[in-house]
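# Working through the structure, step by step
Each chain, letter by letter, is given below.
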Amino acid sequence: MSRLLSQSWGRLPRLATSAPTFRPLGVRFASEVKDQDIRKKYSATLLLPKTDMPLRAKNAPATEDKYRHRTTDELYREQYATNEGPVFILHDGPPYANGNLHMGHALNKILKDMINRYNVIRGRKVHYIPGWDCHGLPIEHKALAALGKSHTSLDPVSVRREARKFALEAIDVQKAEMKQLGVMADWDNPDGVYRTLDHDYEIRQLKMLQMMVSKGFITHRLRPTYYSPSSRTALAEAELEYTDLKSNSVYVRFPVSEEWMTPRLKEAFQKGREVSPEATLSLAIWTTTPWTLPANMGVSVHNEIAYVVVLDNAKRLLVVAEELLEPLQERFGKLQVIDRLDGKHLIGTKYRTLFHTGDPESLPAIFAADYVTSESGTGLVHSAPGHGHDDYDAFQDQNIPMDDLRCPVDDEGHFTNEIVQWSGNQAFSALVGKYVLGAGSKLMIEQLEGAGVLLAEEKIEHRYPIDWRTKKPIIIRATPQWFCDVGSLKPSAVEAIENIKFVPPNELTPGRNRLSATVLSRSEWCISRQRSWGVPIPALFNSNGEPLLTVESLEHIISVLREKGIDHWWAGSDDEFVPASHKGQVLTKGLDTLDVWFDSGTSWSLIADAHLRSESEPLADVYLEGSDQHRGWFQSSILIRLAALEKDGHKPMAPYRNLITHGFTTDEKGNKMSKSLGNGISPMDVVNGKKGRDAFGSDTLRLWAAGTDYTRDASIGPSSISHAAEVLRKLRSTLRFMLANTANATPLPLEEAGLTLVERYILHELSTLEQVVREAYEDFTFNKVLQGVTSFTSSTLSSFYFDVAKDALYCDPINGPRRQAIIATQSHVLNAVLKMIAPIVPHLAEEVYESTRSNHHKSSVFLEQWAKGESWIDKEAADEMAVLLAVRGEVLSMLETARQDKHVRVPTETAVYLASSPTMESLLKRHATLLPSILGVSIVKLTAPPPSTWSVTGESESVSITLAPAPAHQCPRCWLYTAPAEAELCQRCDMALGDSPTPM
Ligand SMILES: [Zn+2]
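Residues numbered from 1 in each chain as written. Predicted model: local features only at pLDDT ≥ 70, side-chain atom pairs only at ≥ 80, totals over all residues.

Per an unreviewed UniProt entry, the recorded name for the protein is isoleucine--tRNA ligase, and the organism is Cutaneotrichosporon cavernicola. Per its UniProt entry, the protein bears the Sequence similarities (unreviewed entry) comment "Belongs to the class-I aminoacyl-tRNA synthetase family." (UniProt positions renumbered as here; feature names shortened; annotations may be inferred.)

The secondary structure content of the protein amounts to 30 helices and 31 strands. Against the 2.2 N^0.38 benchmark of 30 Å for 1000 residues, the protein shows a C-alpha radius of gyration of 40 Å, more extended than a compact globule. Each principal axis of the C-alpha atoms in the protein carries an extent, and together these give about 130 × 65 × 55 Å. Evaluated residue by residue, the protein yields a buried proportion of 47% over its 1000 residues. Across the protein, every contact between residues at least 6 apart in sequence was considered, and the portion connecting residues at least 24 apart equals 77%. (Helix = DSSP H or I, 4+ residues; strand = E, 2+ residues; numbered from the N terminus. Rg over C-alpha atoms; globule rule 2.2 N^0.38 Å. Buried ≥ 20, exposed ≤ 12 C-beta atoms within 10 Å, placed from the backbone. Contact = placed C-beta atoms within 7 Å.)

According to the domain assignment, the protein consists of domain 1 (60-206 + 601-666), domain 2 (240-464), domain 3 (734-875) and domain 4 (876-967). Placing a centre on the C-alpha atoms of domain 1 and another on those of domain 3 gives a separation of 36 Å. Taken together, the contact between domain 1 and domain 3 spans 19 residues of the former and 18 residues of the latter. Going through the elements one at a time, α2 (60-71), α3 (73-82) and α4 (103-121) are the ones with two or more residues in the side of domain 1 that touches domain 3. Among the elements that line the side of domain 1 that touches domain 3, the one with the most residues is α4, at six residues. (Domains from an automatic or database assignment.)

It is worth spelling out the packing of helix α22 (residues 718-742) against helix α24 (residues 782-811) at this point. At their nearest, the axes of α22 and α24 sit 11 Å apart, and the two run at 30° to each other. The interaxial crossing formed by α22 with α24 has left-handed handedness. In contact with Val727, Lys730, Leu731, Thr734, Phe737 and Asn741 of α22, α24 contributes Thr790, Thr793, Ser794, Leu797, Ser798, Phe802 and Leu809. Each residue belonging to the contact of α22 with α24 can be placed in one class, and the counts come to six nonpolar, six polar and one charged. (Axes fitted to C-alpha atoms, helices over the stretch in contact; angles between N-to-C directions. Left-handed = near helix turned anticlockwise from the far one by under 90°. Nonpolar A, V, L, I, M, F, W, Y, C, P; charged D, E, K, R; others polar.)

What follows is about the sheet that holds strand β21 (residues 547-548). In spatial order, the strands read β21-β20-β22; together these three strands make up an open sheet with antiparallel pairing. A single partner strand is all that each edge strand has here, and the edge strands are β21 and β22 (588-589). (Pairing = 2+ DSSP bridges.)

All right, on to the sheet that holds strand β17 (residues 501-503) then. Read from one edge to the other, the open sheet built from three strands follows the order β17-β25-β24, with strand pairing classed as parallel. A strand with exactly one partner marks an edge of an open sheet, and here the two such strands are β17 and β24 (620-626). Neighbouring strand axes in the sheet, compared pairwise and without regard to direction, differ in orientation by 20° on average. One ladder, built from three bridges, connects β17 with strand β25 (residues 656-662); its direction is parallel. In the sheet register, Val503 faces β25, and the bridge partner there is Ile660.

Residues Leu639, Val785, Leu834, Ile837, Ile840, Ala845 and Val912 are the most contacted members of the largest nonpolar core, which totals 197 residues. Not counting residues within four places of it along the chain, the set of residues in contact with Val912 comprises Val891, Leu935, Val937, Val940, Ile961 and Leu963. Residues Val310, Ala321, Phe332 and Phe395 belong to the second largest nonpolar core, which totals 65 residues. (Core = buried A, V, L, I, M, F, W, Y, C linked by C-beta atoms within 7 Å.)

The omega angle of the peptide bond from Val503 to Pro504 is 0°, so this bond is cis rather than trans. Its place among the elements puts Pro504 in the loop between β17 and α14 (511-520). If you check the backbone angles, Phe780 has positive phi at about 65° while not being a glycine. Mapped onto the fold, Phe780 is located in the loop between α23 (757-778) and α24.

Our focus in this paragraph is the pairing of strand β10 (residues 306-311). Of all six residues making up β10, five are buried, and the element is well covered by its neighbours. In this structure, β10 lies alongside strand β12 (residues 336-342), joined through six bridges in antiparallel fashion. When the sheet's bridge partners are listed, Val309 is paired in β12 with Asp339. One ladder, built from five bridges, connects β10 with strand β11 (residues 317-321); its direction is antiparallel. Paired with Tyr307 across the bridge in β11 is Ala321. Hairpin geometry of β10 and β11 is characterised by an intervening segment of five residues between the two adjacent antiparallel strands and by a positive phi of about 60° at Lys315.

Within helix α13 (residues 490-498) the residues assigned to the buried category are Ser492, Ala493, Ala496 and Ile497. Taken around the axis of α13, the buried residues stretch over an arc of 130°, which confines them to a single face. Seen from the open side of α13, the exposed residues pointing more than 90 degrees away from its buried face are Pro491 and Glu498. (Arc of directions from axis to C-beta.)

Glancing now at the pairing of β25. Among the seven residues that make up β25, five are buried, leaving the element largely enclosed by the rest of the structure. For β24 and β25, the ladder comprises six bridges, and the chain directions are parallel. Within the sheet, the bridge partner assigned to Ala620 lies in β25 and is Tyr656. Following the backbone out of β24, through helix α19 (residues 633-645) and into the adjacent parallel β25, one traces a crossover that is right-handed. (Right-handed = clockwise from strand over helix to strand, strands pointing away.)

This brings us to the environment of Met836. Along the chain, the position of Met836 falls in helix α25 (residues 817-837). With 47 residues separating them along the chain, Met836 and Val789 place their C-alpha atoms 7.7 Å apart. Every residue in contact with Met836, bar those within four places of it in the chain, is listed here: Val773, Val785 and Val789.

Right, let's get into the environment of Pro946. Looking at the element boundaries, Pro946 is found in the loop between β29 (939-941) and β30 (952-956). As for Pro946 and Pro965, which are separated by 19 residues in sequence, their C-alpha atoms are 9.9 Å apart.

This next bit is on the packing of helix α7 (residues 199-214) against helix α15 (residues 551-564). Two elements in contact, α7 and α15, have axes whose closest approach is 10 Å; the angle formed by their N-to-C orientations is 175°. With respect to α15, the axis of α7 lies roughly antiparallel. Facing Ile203, Leu206, Lys207, Leu209, Gln210, Val213 and Ser214 of α7, the residues of α15 in contact are Val551, Leu554, Ile558, Leu561 and Arg562. The residue inventory of the contact of α7 with α15, partitioned by class, reads eight nonpolar, two polar and two charged. (Parallel < 35°, antiparallel > 145°, perpendicular 65-115°, else oblique.)

For α19, which comprises 13 residues, the first-to-last C-alpha distance of 18 Å matches the rise-based estimate of 18 Å (1.5 Å per residue) to within 8%. For α19, a buried count of 11 out of 13 residues is recorded, marking the element as mostly surrounded by other parts of the structure. Within α19 the residues assigned to the buried category are Trp633, Phe634, Gln635, Ser636, Ser637, Ile638, Leu639, Ile640, Arg641, Leu642 and Ala643. Looking at the residues trailing α19, positive phi occurs at Lys647, about 65°. (Expected span 1.5 Å × (residues − 1).)

Another aspect to go through is the environment of Val301. Positionally, Val301 belongs in strand β9 (residues 298-301). Separated by 70 residues in sequence, Val301 and Tyr371 place their C-alpha atoms 8.7 Å apart. Residues contacting Val301, with those up to four places away along its chain left out, are Tyr307, Gly343, Leu346, Ile366, Ala368, Val372, Gly379 and Leu380.

Next comes the structure, spelled out in structure tokens:
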């Protein structure tokens, strides 16, 4: 027996079927074989499928590797050079160059790649430049940790050298992994990728900063930051830990003069005076950080909370929240309520603190804030925007000027002399130079007490942030920072966001609302970071700390850095950077670097500089990232783009036409993958296998990605991976079957192939599918592509068409008309399905395509363009076939009955007799020769059944059906019961052998 026969071609791909699994052909029972020698003789004359492509890829990663370069690097270059369609631009959001790829990266890159590949195969010229985000704190930390150094013990140039090395190594690892996922790009061409650490990228970014300076977006002012006195640096939120800490909290009063009171408060005050003529009125506040009192710039109350004016035992009038009266009496003693008023009646009242004694115009005032509650303290909140983010935001929301933001604390966490200047009180010079969290705090409380404004003091234990390295408490302290003032961009942002197409659409997941909310809630963007690993903000400072950052200064500095490299900002002398207009002045370089969101937020300028789009269109067709990027890259990109377009007479436009978001990857229980849970699956472990686990190859992972509804969280685990592997296996088997039937033939053009109803129906179904698949790709709904294709290949092809076609394919004369029609159809279907699935499983598609290569001349299946060819939509064929399929369904179930009743062992032992109305009869007559293969029996007659030993009857589509024994003998070649006598060939086989020599 030949090698081919031993591969059991009879086991055709069958994915899912609702029909009874009665196999008309190909199941060969040993008991049937009466004459093994005759069978053997004829079996060699059958035209069985033939291909070198293995049924299973034994080593998936190695098999894929053979096609990798052709379908990634080479393909990218080739399509860009030769595709003539319009340019399609998917702009890559750069992953952080830090560690191996995780499953979220894999999902992201595969989704992008499917979109790109679909556009390539549609003949468009795809522009895709993968990027890496290379600067910032996490890389700086990892690089220094690897060296066992801290950033204070290395000079900036050395820190940058180490961080750069670390980032470049991470990029190499990630790049190799992305290639393994089959992501198409010109990976090894320096212009084929972008890295935010590249010299050209950095220079372009500085030009963007210059553009924003020229339009007045960039300013310099104080802002609160987490600050660690113990390591003398500002910290990011990620660098904080929390611990329980004991602190001294204080109740303090801020006196209010009668002339500063609102009319309503004055009324209450006068009522108090009636009770106690000498009484003064004060606001009572509570704070756990008494050292922040010199920085007080306001007191906030809630408009709707009820407040009371009370008289204490010391004959002082105090304002507190009504609800807190009881707990406060425990601390202050008996409080007599004089009057009751709402928070809104207090707004605007000015007051004095020990550190506000000057001009009444400059005194702080009460303002309203929604975050105020009456749960603790006094219901009046001491507000020091120089030492608190919420306070700062509240001041900003209300446009309260912060030009003179108070922050009398130096780099070491010591009080500065400003507290003496503000108070005009020399007694406070004792505080100057004292550590605010230590001696300074204790002394401050003594001063409050001495001045008679301390109402009460108590120890409390609370969660307090500490420096993750030194484990010492941190403070919040205003430091000078650079800002991008984006508030003025809000109107253009509204217009630009309106024109973006969101995927998923806003009705399902409110992407538009989310992006609007993040963009519109922001008036300032702090773009400075106090680290060395980044693009410098090349400002120069005079001895008063006043910055110089102008279009002109930047022009000069950029020209120096362009020539000498960005590191030169740290290595070069100050003088070298002083522009001509300021020569002779003593100016010092600033050491801040730009926020990494500014780095990646300028990446669209790469496309702008490539001049691929007219000015009236968005630069990129697609931005596709995780849904957390509304706050990140989507936002920074749109803001910088709008700033660039602003004031130049351009229509506001986002840099992207379609904004696609995907969810997170989770395990199969829906838990987000995380290191601490230990439930993470590495994409490369799925691809390459790990510790005895199978290596599934990247097509399996890609097929999983295509099958997810990525707009929600996508779960992955052993069962979803094996499901994807099974779908891939069946797809491979289906494609291989068509390949093996057609690869060695010369298919006729479909128009000349004498298509029967069955082929017309298959082509109709294929054309319908093609339309669905195209639309799904255009809508980025890959799961619909996959569903459509697998349902077609399993139900329409494997369970129906392959069964029906097999007899003619194997047994008809080699050039028989029916066989030719089938080969032409299968060849067409194979090529069409190959294009539909190629974007999802490119390695498999290339492998199949290579085996069909004799008819083709392209280096990749993706260069075989999927043009909108002739449609084979054939409504008539579909309607007629629907009738015959219904009859087939009924016959298959009747055959099962006959088998169970032991009338037959195999369906071919039967003949079917059909009787029907004249209309139906004409249909049956027209397709009479097809009926045995469609119904899976040896003989079909449109006559009444003759008397027989057994029969089974049924009905469908008003056709009455009778099954009875086939009135003929089994042909030893095709095994149908169509031969005139025992051991003789049937007429068809006789003809077939006449066409080709009998192998004896
Ligand atoms: Zn035969």
